[in-house]
Amino acid sequence: MSHDHQSAPFSGQDSPSRQAASAVDPHGAPRQNAGAVEAGDTRPQTASAATGLPLPDDDSRAHSTRVAAHLRTRIDAGGGWLSFADFMADALYAPGLGYYAAGSRKFAADGDFVTAPELTPLFGATLAGPVGRVLRETGSLEVLEFGAGTGALAEALLEALADQGLEVRYSILEVSADLRERQQTRLARFGERVRWLDALPRGFVGCAVANEVLDAMPVHLVRRSEDGTLQERGVVREGDAFAWEDRPAAPALAAMAEDRLPPLPGYLSEINLQAEAFVQGVGTWLAHGALLLIDYGFPRHEYYHPQRAEGTLMCHLRHVAHADALAWPGIQDITAHVDFTAMADAALEGELDVLGYTAQGRYLLNAGLSGHLQALQARDATAYARSLNAVQKLVSEAEMGELFKVLAVGKGLDEMPGFEIGDRLDRL
Ligand SMILES: C[S@@+](CC[C@H](N)C(=O)[O-])C[C@H]1O[C@@H](n2cnc3c(N)ncnc32)[C@H](O)[C@@H]1O
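Note that the structure is a prediction, hence the values are computed from the model and not measured.

A. Local environment of the overall build of the chain. When helices and strands are tallied, the chain shows 15 helices and 16 strands. Pairs at least 24 apart in sequence give 77% of the contacts found in the chain among residues at least 6 apart.

Okay, here's the thing in structure tokens:
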């Protein structure tokens, strides 16, 4: 995601001394201190003047009030406590209510954030290189995208693959009915070449992609308490407001947290069980080919770095990144960075090969981004000039080029293009 807020960039993740103490915004904006907006804040009712958050319009506030009411019933139904993972799942995906399920603008200059495919079609055009090579190696014309957002990546990939002579069939698996409709409108001109799936395919042969999907999956919050026990953080009601409450973590979650979190009292972080299950499950439907996972995140030793003591949870509201995940349910995005070691381990457990891991900037350059840019310059000087900024954002270490990573997992492939220089598999 990309934001208007510019500040201390996060780069050099391999040097702990340069690491930020808490999460960094995928585009460089630091998390704002959530201290003032913690437990019991009746955000939908009290607006954000005191917190510095943008004040949503009347319709958005009314919508958030409805989502908050829904979440209160979930908390009541759960006996007064709802795991944060369940809270986040409904705040983002409850049908007709959740942030991704209810028609807010989200990805746009006037939305909450901008993703790489929204910045420039050159992102998709460049990915089409490795995707095309996987298709040729597998002898398939099948592309599958998870969480296609507005359909921008699908559009760019379909066009660029057609330029390579590959008239692919493009399948989309999208959990949000609202986004599915937007994708259908945008991609209508491709006719029956694009289809939407209601379930995972079986025996898929070809290439799959997921850009910024893992970070949008609900996470469990885990905290090492002052006495060393592992707690799960959940949400309770204080009247109509929401507040945090920690409870002893269930044994399986506690065991995972024990393995991953440093032995520091008060250390808070996330475990993305859904993303791990998703990646492990790829082994059940992918018969031959690859899945490219593109997202912001780190290897485990950076993710659970002692200095990252408040985890990576982050919210986006009208291009402001902040840390109050209980504020404005349903109208703000909630996201966590990705532990790529966990994803690689999950892939191995799913009997997949882990084919490559590197930073987005490196990957795009390996995959031929410069050539696409030069070709555009020769073809259309105005479009070229417009693209320069976006390309800079995609590859610059100070913007998306380093924080975002590409992890490729797959089955039965002899080679996985895009990792020729700077593969970092050994750091996972
Ligand atoms: C941050 S948006 C990214 C959208 C798009 N890929 C882009 O880069 O602009 C996250 C997307 O993932 C979708 N999503 C979340 N969980 C999903 C899942 N389990 N399966 C498929 N899509 C999912 C959301 O509905 C949304 O479309």
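Having seen the structure, we can now continue with the description.
B. How the structure looks around the nonpolar core. Among the nonpolar cores identified, the biggest contains 120 residues, and Val 131, Leu 157, Met 343 and Val 409 are the most heavily contacted of them. Discounting chain neighbours no more than four positions away, the residues touching Val 131 are Val 143, Leu 157, Leu 161, Cys 207 and Val 209.

C. Structural detail: the site of the ligand. Surrounding the ligand, one finds 20 residues, the nearest of these being Thr 115, Gly 147, Gly 149, Ser 176 and Ala 216. Here the residues of the shell around the ligand are counted per class, giving 12 nonpolar, five polar and three charged.

D. Structural detail: the sheet that holds strand β12 (residues 320–322). Strand order across the open sheet formed by three strands is β12-β11-β13, with antiparallel pairing between neighbours. The open sheet terminates on both sides in strands that have one partner only, identified here as β12 and β13 (333–335). On average, each strand axis in the sheet is inclined to that of its neighbour by 25 degrees, with strand direction left out of account. By the bridge criterion, three bridges tie strand β11 (residues 314–317) to β12 in an arrangement that is antiparallel. Directly across from Leu 317, in β12, lies its bridge partner Val 320.

E. Helix α9 (residues 273–285), seen in detail. Taking 1.5 Å per residue as the helical rise, α9 with its 13 residues ought to reach 18 Å, and the 19 Å between its terminal C-alpha atoms agrees with that figure. Those residues of α9 not exposed but buried are Ala 275, Glu 276, Phe 278, Val 279 and Val 282. Against the buried residues of α9 lie β10 (286–298), β14 (338–339), α11 (340–349) and β16 (404–411).

F. Looking closely at helix α3 (residues 84–93). Here α3 lies mainly inside the structure; seven of its 10 residues are buried. Turning to α3, its buried residues number three or more, namely Phe 84, Ala 85, Phe 87, Met 88, Asp 90, Ala 91 and Leu 92. Buried residues along α3 sit against α2 (58–77), β1 (82–83), β6 (220–224), β7 (230–238) and β13.

G. Inspection of the confidence of the model for the chain at higher detail. When pLDDT is averaged along the chain, the result is 88; 86% of the residues meet or exceed 70. Below a pLDDT of 50 lies the segment residues 3–23, which in the model reaches 49 contacts outside its immediate sequence neighbourhood of four places, other chains included. Segment residues 27–50: pLDDT under 50, and 61 contacts once partners within four positions in sequence are set aside and those in other chains are kept.

H. Summary view of the packing of helix α5 (residues 121–138) against helix α13 (residues 369–379). Where α5 contacts α13, the two axes come as close as 9 Å, and the packing angle between them is 125 degrees. On the basis of their axis angle, the class for α5 and α13 is oblique. Between α5 and α13 the crossing geometry is right-handed. Within the contact between the two elements, α5 uses Leu 122, Ala 125 and Thr 126 and α13 uses Leu 369, His 372 and Leu 373.

I. Representation of the environment of Ala 68. Position of Ala 68 among the secondary structure elements: in helix α2. With 22 C-beta atoms counted inside 10 Å, the residue Ala 68 sits in the buried group. Note: C-alpha distance between Ala 68 and Asp 240 (172 residues apart in sequence) is 8.3 Å.

J. Quick look at unusual backbone geometry. One non-glycine residue with positive phi stands out, namely Glu 212, at about 55 degrees. By the secondary structure assignment, Glu 212 is in the loop between β5 (204–211) and β6. One non-glycine residue with positive phi stands out, namely Trp 328, at about 45 degrees.

K. Structural context of the pairing of β10. Counting buried residues in β10 gives 11 out of 13 residues, a clear majority hidden from the surface. Taken together, the eight bridges between β10 and β16 define a ladder with antiparallel strand orientation. Across the sheet, residue Tyr 296 finds its bridge partner in β16, namely Phe 404. Here two bridges tie β10 to β14, and the two strands are oriented parallel to one another. If you follow Phe 298 over to β14, its bridge partner there is Asp 339.

L. Just the packing of α5 against helix α6 (residues 152–163), in detail. Where α5 meets α6, the axes come as close as 8 Å, and the angle between the chain directions of the two elements is 55 degrees. Taken as axis vectors, α5 and α6 run oblique relative to one another. Note that α5 runs across α6; the crossing there is right-handed. Residues Pro 121, Phe 123, Gly 124, Ala 125, Leu 127, Ala 128, Val 131 and Gly 132 of α5 touch α6, and the partners they reach there are Leu 153, Ala 156, Leu 157, Ala 160 and Leu 161. For the contact of α5 with α6, the per-class residue count stands at 11 nonpolar, two polar and no charged.

M. Looking closely at the pairing of β7. Where β1 and β7 come together, two bridges link them in antiparallel fashion. Each residue of the ladder has a partner; that of Leu 82, found in β7, is Val 235. Sheet topology places β6 next to β7; four bridges connect them, and they run antiparallel. Looking across to β7, one finds that Val 222 is bridged to Glu 232. Hairpin connection from β6 to β7: five residues lie between these consecutive antiparallel strands, with Gly 228 at a positive phi of about 95 degrees. By the bridge criterion, eight bridges tie β7 to strand β8 (residues 241–248) in an arrangement that is antiparallel. Among the inter-strand pairings, Glu 238 is bridged to a residue of β8, identified as Ala 241. In this antiparallel pair of consecutive strands, β7 and β8, the connection spans two residues, and Gly 239 shows a positive phi of 65 degrees.

Rules behind the numbers
- Residues numbered from 1 in each chain as written.
- Predicted model: local features only at pLDDT ≥ 70, side-chain atom pairs only at ≥ 80, totals over all residues.
- Helix = DSSP H or I, 4+ residues; strand = E, 2+ residues; numbered from the N terminus.
- Contact = placed C-beta atoms within 7 Å.
- Core = buried A, V, L, I, M, F, W, Y, C linked by C-beta atoms within 7 Å.
- Buried ≥ 20, exposed ≤ 12 C-beta atoms within 10 Å, placed from the backbone.
- Near = placed C-beta within 6 Å.
- Nonpolar A, V, L, I, M, F, W, Y, C, P; charged D, E, K, R; others polar.
- Pairing = 2+ DSSP bridges.
- Axes fitted to C-alpha atoms, helices over the stretch in contact; angles between N-to-C directions.
- Expected span 1.5 Å × (residues − 1).
- pLDDT = per-residue confidence, 0-100.
- Parallel < 35°, antiparallel > 145°, perpendicular 65-115°, else oblique.
- Left-handed = near helix turned anticlockwise from the far one by under 90°.

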